[in-house]
Amino acid sequence: MNCKLASTKLSAYIDRELGTDEMMQIRQHLASCSACASEAKVLESLKFALNRTASVEVPEGLEERLFARLRMEPVATEEPAVAPAAKPWRLVGAMAVAASIGLFATLLILRLNAGTSPSQPTLDQFSARTSSDALPVGMEIGREQMLQSSTDPFAGPVGGLPAVYGGR
Amino acid sequence: MHVALTQTRIEMGKDSREQFESLARQTHQQAFGFAFRLTGNAAEAEDLLQESFLRAFRFFARYDHSMPFTSWLYRIMSNTHIDLLRRKGRLQTLSLEQPNADGSLATWDVADDEATAEQKLIDATLDAPLQAGLMNMTPEFRQAVVLADVEGMAYEEIAEVMGTSIGTVRSRIHRGRKQLRRYLLKAAPATYRSLINEL
């Protein structure tokens, strides 16, 4: 094993998070490479120092404030509505269908009105305008806003739980 | 000292609020410690703690009782922490001399009764530069390092908490420790030397 490869595995080595073979290979490399052995010692020292950092003093009244806030929150009677992020193709598909219907309707209206209203925009003008105008209305919705629980009256800007929790 | 609650048994007939409050009572102090290591000061740690417990309460129906409550809670806290950082649009750093947001100096409760008085003094002295070093890390690296080295979690559990692969956890921990080393070398060389010479 060379130094470049060994150095990427040193933290996992000192955490004993490598397989038996890799642990053996790193151990052998450290026995013959003083630079990597020194690096491993430094990383282990940092781990050791962090491991024995003093526990943090909890502020006075923290528990009371936490539980007072929790008691303001209603019990959820059912699972909150969360955007189905696990199946994003459904959203994309729905948007594609909606766009197709909209385009078809637009073409139909333009064709019906052709020649009756000189002030009506052409198809090109219409497309150019909708492509820039539609975005602020329909598309610029933040992901967090989409994930807000519609059933939660206390849901603020950070009230929605990202769907990546996946039920856990 | 740490509460894993791996085998927490909850009576099915109990009210879900009671169940949640029981778990919250057992874990909020430990969770505050985690929040403090992520945020670097008591005021922001309390904000993170409250927001995380609120989210956990709202989604308590989704909690899988076969997994440790702290793992689930820490997952929420990790995500909430990143959300709050993004919302503030900043990666907060903490200098060695910087006091807490309320102007007070950070205080530390040394809980290891087995340690000698001299060792306690050394630990408390080392804590400030180490915390400052944590605050200078990339947030995801900081989370991984705190979970591994302060909370003592295995990589598999950290991967579960962070919602990522073990390979990513391994990389984040390694890169986080290297960031910590660079910070200490530059900002607190005396502390760095004393740490290295101890082993």
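For the structure itself, consult the block above.
To start, this report covers the structure provided alongside it. (Residues numbered from 1 in each chain as written. Chains lettered and ligands numbered in written order. Predicted model: local features only at pLDDT ≥ 70, side-chain atom pairs only at ≥ 80, totals over all residues.)

1. Overview of the overall build of chain A
Next, step 1: Scanning chain A for helices and strands turns up 8 helices and 1 strand.
Next, step 2: Counting across all 168 residues of chain A, residues that qualify as buried make up 16%.
Next, step 3: If you take every contact in chain A between residues at least 6 apart in sequence, the share linking residues at least 24 apart comes to 54%. (Helix = DSSP H or I, 4+ residues; strand = E, 2+ residues; numbered from the N terminus. Buried ≥ 20, exposed ≤ 12 C-beta atoms within 10 Å, placed from the backbone. Contact = placed C-beta atoms within 7 Å.)

2. Digging into the packing of helix H3 (residues 69-88) of chain B against helix H5 (residues 139-150) of chain B
Residues and elements named next belong to chain B.
Next, step 1: Taken N-terminus to C-terminus, the directions of H3 and H5 make an angle of 155°; their axes are 11 Å apart at the nearest point. Here H3 is positioned roughly antiparallel relative to H5, judged by the angle of their axes. As for the relative orientation of H3 and H5, their crossing is right-handed in sense. In this structure, H3 uses Tyr 74, Ser 78, His 81, Ile 82 and Leu 85 to contact H5, whose residues at the interface are Pro 139, Gln 143 and Leu 147.
Next, step 2: Split into classes, the residues belonging to the contact of H3 with H5 amount to 5 nonpolar, 3 polar and no charged. (Axes fitted to C-alpha atoms, helices over the stretch in contact; angles between N-to-C directions. Parallel < 35°, antiparallel > 145°, perpendicular 65-115°, else oblique. Left-handed = near helix turned anticlockwise from the far one by under 90°. Nonpolar A, V, L, I, M, F, W, Y, C, P; charged D, E, K, R; others polar.)

3. Comments concerning the environment of Leu70(A)
Next, step 1: Checked against the element boundaries, Leu70(A) lands in helix H5 (residues 62-71).
Next, step 2: Excluding its chain neighbours within four sequence positions, the residues that come into contact with Leu70(A) are Glu21(B), Ala24(B), Phe53(B), Leu54(B) and Phe57(B).

4. Let's talk about the nonpolar core
Residues and elements named next belong to chain B.
Next, step 1: Grouped together as the largest cluster of nonpolar side chains are 65 residues, with contacts concentrated most on Ala 35, Ala 144 and Ile 158.
Next, step 2: The element that contributes the greatest number of residues to this core is helix H1 (residues 16-39), accounting for 9 residues.
Next, step 3: Setting aside residues up to four positions removed in sequence, Ile 158 forms contacts with Ala 144, Leu 147, Ala 148, Met 153 and Val 169. (Core = buried A, V, L, I, M, F, W, Y, C linked by C-beta atoms within 7 Å.)

5. Observations concerning unusual backbone geometry
Residues and elements named next belong to chain A.
Next, step 1: Backbone geometry places Arg 16, a non-glycine residue, at a positive phi of 55°.
Next, step 2: Residue placement: Arg 16 occurs in the loop between helix H2 (10-14) and helix H3 (20-32).
Next, step 3: The class for Arg 16 is exposed, based on 9 C-beta atoms found within 10 Å.

6. A few points about the packing of H5(A) against helix H2 (residues 42-58) of chain B
Next, step 1: Running from amino to carboxyl end, H5(A) crosses H2(B) at an angle of 35°, the nearest separation of the two axes being 10 Å. In the packing of H5(A) onto H2(B), the handedness of the crossing is right-handed. Contacts from Leu62(A), Leu66(A), Arg69(A) and Leu70(A) in H5(A) reach Glu46(B), Leu49(B), Gln50(B), Phe53(B), Leu54(B) and Phe57(B) in H2(B).
Next, step 2: Looking at the contact of H5(A) with H2(B), its residues break down into 7 nonpolar, 1 polar and 2 charged.

7. Overview of H3(B)
Residue and element names in this part refer to chain B.
Next, step 1: An ideal rise of 1.5 Å per residue puts 28 Å on 20 residues; H3 measures up with 28 Å between its terminal C-alpha atoms.
Next, step 2: Three or more residues of H3 are buried, namely Phe 69, Thr 70, Trp 72, Leu 73, Tyr 74, Arg 75, Ile 76, Met 77, Ser 78, Asn 79, Thr 80 and His 81.
Next, step 3: In this structure, the buried residues of H3 make contact with H1, H2, H5 and helix H6 (155-162).
Next, step 4: Immediately beyond the C-terminal end of H3, within one or two residues, lies Gly 89, with a positive phi of roughly 65°. (Expected span 1.5 Å × (residues − 1).)

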